[in-house]
Amino acid sequence: MGWLFSKPWRTMPKNNEENLEFVKSYQPQNKDVKHLRILIHGQTGAGKSSFINSVESVLKGRVTNRALTDATSGRSFTEEYTTYKIQKESGNFYSFFFNDTMGLENDNDNGIHVEDIKLALKGHVKEGYQVSLLTDEVIKKMRDIRLAASKMTEIPHLAVLTKVDLACPKAKQNINNVYKSDYLKKQVEKFSETLGIPENCIFLVKNYNSEIETNDDINVLILVALRQMVNFGEDFLDNL
Ligand SMILES: Nc1nc2c(ncn2[C@@H]2O[C@H](COP(=O)(O)OP(=O)(O)O)[C@@H](O)[C@H]2O)c(=O)[nH]1
Ligand SMILES: [Mg+2]
């Protein structure tokens, strides 16, 4: 499907050292704040839990599987709002936490309510809080959440498009083709238009779902996204 640009339409760093060093050593400048909280929301099966695992895998240099992923059914394994902290070798935690949420479903029985995500954005959701149910359509919900987030003192919002290997055969063939893919570029443009998120806030990622070892080519995609999440969080704290 599609074709490849001869040069990447988005430049990736030549190696991962600088980004890795950056996220590993990151601490909020604002001394009143101990950590950033990154809330992950999206459709069930989108790869949210896998993304958190993938970040942990990059940081630990080996594939981990702590945030439970669900390969067997459409239902979300993440039925609660759960905080993931990643431990450093020193025993301390990285200064960014992830909050994994249940998916935004369009049927009545599954999924997190948009209002619950709004509460989470305001910091009112306790960990292990059971989320309630919902109706509407997923895209509309994502849009609602985005609007709510931007109204709330400019909480930054990024989007991660996962499963690039399934979306684009050329990316599956060679993961270095991701940011050369015409098809994936179009997906980013489409997503940007639908959700009103700038293209440079949308990242393409392949999660560690089948690999048993980490590798630089997958790491680079995850690290570029993670670094920007941390940057945006830091900018947000600067403006408080
Ligand atoms: N091929 C591929 N599969 C993925 C990727 N990310 C997640 N998956 C698979 O998609 C399924 C759902 O992922 P999960 O993380 O549980 O989704 P969640 O419901 O959003 O938390 C699992 O079977 C994962 O192994 C990816 O980047 N590529
Ligand atoms: Mg999950």
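Residues numbered from 1 in each chain as written. Chains lettered and ligands numbered in written order. Predicted model: local features only at pLDDT ≥ 70, side-chain atom pairs only at ≥ 80, totals over all residues. Heavy atoms only, no water.

### Describing the overall build of the protein
In step 1: Check the secondary structure of the protein and you find eight helices and five strands.
In step 2: Tracing the protein from N to C terminus, the helices and strands come up as α-β-α-β-β-α-α-β-α-α-α-β-α.
In step 3: The 240 residues of the protein split such that 47% are buried.
In step 4: The contacts of the protein with a sequence gap of at least 6 include a subset with a gap of at least 24, amounting to 70%. (Helix = DSSP H or I, 4+ residues; strand = E, 2+ residues; numbered from the N terminus. Buried < 20%, exposed > 50% of the residue type's maximum accessible area, 1.4 Å probe, protein only. Contact = heavy atoms within 4.5 Å.)

### Notes on the packing of helix 2 (residues 48–60) against helix 8 (residues 216–238)
In step 1: Where helix 2 meets helix 8, the axes come as close as 10 Å, and the angle between the chain directions of the two elements is 100°. Here helix 2 is positioned roughly perpendicular relative to helix 8, judged by the angle of their axes. Residue-level contacts link F51, S54, V55 and V58 of helix 2 to N219, I222, L223, L226 and M229 of helix 8.
In step 2: Of the residues that constitute the contact of helix 2 with helix 8, the class distribution is seven nonpolar, two polar and no charged. (Axes fitted to C-alpha atoms, helices over the stretch in contact; angles between N-to-C directions. Parallel < 35°, antiparallel > 145°, perpendicular 65-115°, else oblique. Nonpolar A, V, L, I, M, F, W, Y, C, P; charged D, E, K, R; others polar.)

### Considerations on the confidence of the model for the protein
In step 1: Looking at the protein, pLDDT values average 85 and 82% of them are 70 or higher.
In step 2: Within the model, the stretch residues 73–78 combines pLDDT values under 50 with 16 contacts to residues more than four positions away or in other chains.
In step 3: For the stretch residues 129–135, pLDDT sits under 50, and the model shows 31 contacts to residues farther than four places along the chain or on other chains. (pLDDT = per-residue confidence, 0-100.)

### Some thoughts on the site of ligand 1
In step 1: Looking at ligand 1, there are 17 residues lining it, with G45, K48, S50, D165 and N207 nearest.
In step 2: In the model, an oxygen atom of ligand 1 is placed 2.9 Å from a nitrogen or oxygen of the S49 main chain.
In step 3: At 3.1 Å, a backbone N or O of K163 approaches an oxygen atom of ligand 1.
In step 4: Surface burial for ligand 1 is 89%, taken as the share of its 580 Å² of free accessible area covered by protein chains.
In step 5: For the shell around ligand 1, the secondary-structure elements that each account for two or more residues are helix 2 and helix 5 (164–167).
In step 6: Looking at the shell around ligand 1, the element that brings in the most residues is helix 2, giving three residues.
In step 7: Taken together, the residues of the shell around ligand 1 sort by class into three nonpolar, nine polar and five charged. (Near = heavy atom within 4 Å. Polar contact = N/O pair within 3.5 Å; in protein donor to acceptor, adjacent residues only side chain to side chain. Areas by Shrake-Rupley, 256 points an atom, 1.4 Å probe, with all protein chains shown as cover.)

### So, the packing of aromatic side chains
In step 1: Under the definition given, this model contains six aromatic pairs.
In step 2: Summarising the aromatic geometry, the rings of Y94 and F96 are spaced 5.7 Å apart at their centres and angled 25° between planes, so their arrangement reads as stacked.
In step 3: Of the residues examined, Y94 reaches a relative accessible area of 7% and is grouped as buried.
In step 4: Residue classification places F96 among the buried residues on the basis of a relative accessible area of 0%.
In step 5: Ring geometry for F96 versus F98: centroids 6.2 Å apart, planes at 80°, classification edge-to-face. (Phe/Tyr/Trp six-rings, centres within 6.5 Å; stacked < 30°, edge-to-face > 60°.)

### Some words on the sheet that holds strand 3 (residues 96–100)
In step 1: One open sheet accounts for three strands, arranged 1-3-2; its pairing is mixed. The strands lining the two open edges of the sheet, one partner per strand, are strand 1 (36–40) and strand 2 (82–84). Going from strand to strand, the sheet's axes swing by 25° on average, the running direction of each strand aside.
In step 2: Taken together, the three bridges between strand 2 and strand 3 define a ladder with antiparallel strand orientation. Residue pairing across strands places Y84 opposite F98, the latter belonging to strand 3.
In step 3: Sheet strands touched by helix 2: strand 1, strand 2 and strand 3. Its angle to strand 3, the strand with the most contacts, is close to 155°. (Pairing = 2+ DSSP bridges.)

### A word on the packing of helix 1 (residues 17–25) against helix 8
In step 1: In contact at an axis separation of 10 Å, helix 1 and helix 8 are set at 40° when each is read in the N-to-C sense. Taken together, the axes of helix 1 and helix 8 are oblique relative to one another. Along this stretch, helix 1 crosses helix 8, giving a crossing that reads as left-handed. Of helix 8, the residues touching helix 1 (which contributes E18, N19, L20, F22 and V23) are L223, V224, L226, R227, V230 and N231. (Left-handed = near helix turned anticlockwise from the far one by under 90°.)

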